[in-house]
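Topology and contacts: notes
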Amino acid sequence: MENSKIKMKAYFHLPGLFEFYEFYKVFLPLYRTHPEYFYDWCEIGSIYGAPADCLWGGGRVGFGDESPTDVLNLMEEYNISPRLTFSNSLLRKEHLADKKCNRLCKLFENSSIEEVGVILHSDLLLEYMKKTYPEFYFVSSTTKVLTDFGDFENELNRDEFKYVVPDFRLNKSFDKLEALSQAQKDKVEFLCNECCSFGCNDRKACYENVSRKSLGEECEDHICASPQANRGYRFSDAMKNQGFISVDDIQNIYMPMGFSNFKIEGRSLGSAIVLEFLLHYMTKPEYQLIVREEIYLDSMLDLF
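Reference entry: report on the structure contained in this document. (Residues numbered from 1 in each chain as written. Predicted model: local features only at pLDDT ≥ 70, side-chain atom pairs only at ≥ 80, totals over all residues. Heavy atoms only, no water.)

Right, let's talk about the pairing of strand E3 (residues 81-86) for a bit. Buried residues dominate E3, accounting for six of its six residues. Burial of the side chains of E3 extends over both faces: Ser-81, Arg-83 and Thr-85 are buried on one face and Pro-82, Leu-84 and Phe-86 on the other. Note: strand E2 (residues 42-49) against E3, four bridges, orientation parallel. Its bridge partner being in E3, Gly-49 is matched across the sheet by Leu-84. As defined by bridge partners, E3 adjoins strand E4 (residues 117-120) across four bridges and the pair is classed as parallel. From the neighbouring strand, Leu-84 faces E4, where its bridge partner is Val-118. (Buried < 20%, exposed > 50% of the residue type's maximum accessible area, 1.4 Å probe, protein only. Helix = DSSP H or I, 4+ residues; strand = E, 2+ residues; numbered from the N terminus. Pairing = 2+ DSSP bridges.)

So, in structure tokens, the structure goes:
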């Protein structure tokens, strides 16, 4: 058993498939050519995101305007699983015929990459995707706000999903997490760096607001009631969150317990803060400055 734990790897699922395409064009060559800079116990499991004006999009409003073909080519070059973030929770039957989203699916369906994923919320969309694009694997979105452990376990038991992302407030439910079967643990994908208030009761309403905007509906912006809302996202604040999962937590608690999948949020943030996430979670401390300099000094990349 001890040997199997030593060999176990953590897989990070990273934000910004479309949103941070230019950033990954610079980071991924560094990641490939200098493996000594990065922890050998972890790998990139996938990169997720959605293009701008994506009807099926949710969670965060996508702003990536890169060519889907270029995005897919980059993932194929580095053999990284791309995930389309289609987590709109308010889809209706008429939305399933959206031409842009279906073109995107057809393009990614023909990828040379062995595994292409879709993150979704809507069961309506799930059934459509299963019938129309059966080669994709499916991820149950954290936008479902599964804060009840029983509901989360029921979601894990659904055969349709390869991964399930629980609400971050279940991250430290160690007794219940420990009791899961290994098959269930293999499907859990923890959201590590959430900055949202641990006691927030409006998380689902916030996600629904984004879904309405993705559908083009007229609606007011969701007003966050958190006392720190005016600060925006700060990694230093996220690190103080009760649900935060650190590198030490991953190595010393989650991996020995049998968990291997960890999601980093950040699609709505700048590429500079995404770089900080990759430095924190994947880069050896003695090489963090080198990686930061390599990225910041690239004349082709605007990190802000």
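Let's shift gears to unusual backbone geometry. We note that Asn-79 has phi near 50°; this positive angle belongs to a residue other than glycine. Looking at the secondary structure, you find Asn-79 in the loop between helix H3 (68-78) and E3. By relative accessible area, Asn-79 is classed as exposed at 58%. The phi dihedral of Val-145 falls on the positive side, at around 55°, and the residue is not glycine. Assignment of secondary structure puts Val-145 in the loop between strand E5 (137-140) and helix H6 (149-156). Using a relative accessible area of 14% as the deciding quantity, one classes Val-145 as buried.

Okay, helix H5 (residues 123-132) next. Burial in H5 covers these residues: Leu-125, Leu-126 and Met-129. Looking straight down H5, one finds its buried side chains confined to an arc of 105°; they lie on one side. Packed against the buried residues of H5 are E3, helix H4 (99-109), E4, E5 and strand E6 (161-164). With a side-chain oxygen lying 3.1 Å from the backbone nitrogen of Leu-124, the N-terminal cap of H5 falls on Ser-122. (Arc of directions from axis to C-beta. Contact = heavy atoms within 4.5 Å. Polar contact = N/O pair within 3.5 Å; in protein donor to acceptor, adjacent residues only side chain to side chain.)

What follows covers the pairing of E2. Among the eight residues in E2, six count as buried, and that is most of the element. The sheet contact formed by strand E1 (residues 10-15) and E2 spans six bridges and is parallel. Each residue of the ladder has a partner; that of Phe-12, found in E2, is Ile-44. At this point the chain moves from E1, through helix H2 (residues 21-33), to the parallel E2, and the crossover so formed is right-handed. (Right-handed = clockwise from strand over helix to strand, strands pointing away.)

With that out of the way, let us pick up the sheet that holds E6. Pairing within the open sheet is parallel, and its eight strands lie in the order E6-E5-E4-E3-E2-E1-E8-E7. Among the strands making up the open sheet, the edge pair consists of E6 and strand E7 (189-191). If you compare each strand with its neighbour and ignore which way they point, the axes differ by 30° on average. Inspection of the sheet shows E7 paired to strand E8 (residues 261-263) by three bridges, in the parallel sense. Its bridge partner being in E8, Glu-189 is matched across the sheet by Asn-261. (Axes fitted to C-alpha atoms, helices over the stretch in contact; angles between N-to-C directions.)

Here the focus is the nonpolar core. Most often, soluble globular proteins keep nonpolar side chains buried together rather than apart. In terms of nonpolar packing, the biggest core is built from 82 residues, with Phe-12, Tyr-24, Phe-27, Phe-108, Met-129, Ile-250 and Tyr-281 touching the most fellow members. Leave out the neighbours within four places in its chain, and Phe-108 touches Leu-17, Phe-18, Pro-68, Val-71, Leu-72, Pro-82, Leu-84, Val-116 and Phe-136. The next biggest cluster of nonpolar side chains, apart from the first, holds seven residues, and it includes Tyr-48, Val-139, Tyr-163 and Leu-191. (Core = buried A, V, L, I, M, F, W, Y, C linked by side-chain atoms within 4.5 Å.)

For the rest of this paragraph, the subject is the packing of H2 against helix H13 (residues 288-296). At a closest axis distance of 10 Å, the pairing of H2 and H13 adopts a crossing angle of 140°. One way to sum up the angle between H2 and H13 is to call them oblique. In this structure, the crossing between H2 and H13 has a hand that is right-handed. In this structure, H2 contributes Phe-23, Val-26, Phe-27 and Leu-30 to the contact, and H13 contributes Val-291, Glu-294 and Ile-295. The residue inventory of the contact of H2 with H13, partitioned by class, reads six nonpolar, no polar and one charged. (Parallel < 35°, antiparallel > 145°, perpendicular 65-115°, else oblique. Left-handed = near helix turned anticlockwise from the far one by under 90°. Nonpolar A, V, L, I, M, F, W, Y, C, P; charged D, E, K, R; others polar.)

Attention shifts here to the packing of aromatic side chains. Applying the stated criterion across every chain yields a total of 28 aromatic pairs. Put simply, the rings of Phe-12, Tyr-39, Trp-41, Phe-174, Phe-190, Phe-235, Phe-244, Tyr-254, Phe-259, Phe-262, Phe-277 and Tyr-281 pair up and form one aromatic cluster. Geometry around Tyr-137 places Lys-162 over its ring, the cationic atom sitting 5.1 Å from the centre. A cation over a ring is seen here: Lys-263 above Tyr-48, with NZ or CZ 4.5 Å from the ring centre. (Phe/Tyr/Trp six-rings, centres within 6.5 Å; stacked < 30°, edge-to-face > 60°. Lys NZ or Arg CZ within 6 Å of the ring centre and 35° of its normal.)

A word on the environment of Phe-152. Within the secondary structure layout, Phe-152 lies in helix H6. The spatial distance from the C-alpha of Phe-152 to the C-alpha of Leu-170 is 9.0 Å, given a sequence separation of 18 residues. Once residues within four sequence positions are removed from consideration, Phe-152 is found in contact with Leu-146, Val-164, Pro-166, Leu-170, Leu-177 and Val-188.

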